[in-house]
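Survey of secondary and tertiary structure
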Amino acid sequence: MIHNDVEDLGWELIGWDADEVAAHVTSLTRDEILRLNTLFPERGDDELLATAVYPIAPERYAAMRTTVPRLEFKADLDYHIGGFRLPQLR
């Protein structure tokens, strides 16, 4: 299912350290999410990876870098990917 209002969605790849601090954050575009989503079969119909936060096993890093070459993964971090609502500008 693709959200009709994607203009208010944002996505991030977040690497968490042992203290549960977001130590490495990469913003992702809608196009990048649509290319990456096939690497997450557990997403079901969540094509924009926006309804949950998905853990990323180290075995997926190479496939993700092949799909979106600018991605980096740092050692000793626990990575997740997901969407969020952007704040509304007033």
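Structure first, text after, so check above.
Quick caveat, the model's predicted, so the values are computed rather than measured.

Right, let's talk about the pairing of strand E4 (residues 78–85) for a bit. Of the strand pairs in this sheet, strand E1 (residues 9–16) and E4 are connected by eight bridges, and their pairing is antiparallel. Pairing of Gly-10 across the sheet is with Phe-84, part of E4. Bridging between strand E3 (residues 53–56) and E4 involves four bridges; their strand directions are antiparallel. Bridge pairing in E4 places Tyr-54 opposite Ile-81.

Burial within E1 is extensive, with six of its eight residues counted as buried. Here six bridges tie E1 to strand E2 (residues 22–28), and the two strands are oriented antiparallel to one another. Bridging across to E2, Trp-16 finds its partner in Ala-22. The turn joining E1 and E2, which pair antiparallel and follow one another in sequence, is formed by five residues; a positive phi near 60° is taken by Glu-20.

Our focus in this paragraph is the nonpolar core. Among the nonpolar cores identified, the biggest contains 20 residues, and Leu-13, Leu-28, Ile-56, Met-64, Leu-71 and Ile-81 are the most heavily contacted of them. For this core, the elements supplying multiple residues, two or more each, are E1, helix H1 (30–36), E3, helix H2 (61–67) and E4. Once residues lying within four places of it in the same chain are set aside, the contact partners of Ile-56 are Leu-13, Phe-40, Tyr-61, Met-64, Tyr-79, His-80 and Ile-81.

This brings us to the side chain of Asn-37. With respect to the element layout, Asn-37 can be found in the loop between H1 and E3. The buried category is assigned to Asn-37, whose relative accessible area is 6%. Beyond its immediate stretch of four places on either side in the chain, Asn-37 contacts Arg-43, Glu-47 and Leu-49.

Right, let's get into the pattern of salt bridges. Inspection of every chain in the model, using the stated rule, returns four salt bridges. Residues Arg-70 and Glu-32 are paired through a salt bridge, measuring 2.7 Å at the closest nitrogen-oxygen approach. Within this pair, whereas Arg-70 is found in the loop between H2 and E4, its partner Glu-32 is found in helix H1, the two being separated by 38 residues in sequence. Residue class for Arg-70 comes out partly exposed when judged on its relative accessible area of 44%. We note a salt bridge from Glu-42 to Arg-60, for which the minimum N-O separation is 2.9 Å. Taken as a pair, Glu-42 in the loop between H1 and E3 and Arg-60 in the loop between E3 and H2 lie far apart in primary sequence, 18 residues in all. In this structure Glu-42 comes out as partly exposed when scored by relative accessible area, which is 42%.

Conventions adopted
- Residues numbered from 1 in each chain as written.
- Predicted model: local features only at pLDDT ≥ 70, side-chain atom pairs only at ≥ 80, totals over all residues.
- Heavy atoms only, no water.
- Pairing = 2+ DSSP bridges.
- Helix = DSSP H or I, 4+ residues; strand = E, 2+ residues; numbered from the N terminus.
- Buried < 20%, exposed > 50% of the residue type's maximum accessible area, 1.4 Å probe, protein only.
- Core = buried A, V, L, I, M, F, W, Y, C linked by side-chain atoms within 4.5 Å.
- Contact = heavy atoms within 4.5 Å.
- Salt bridge = Lys/Arg side-chain N within 4 Å of Asp/Glu carboxyl O.

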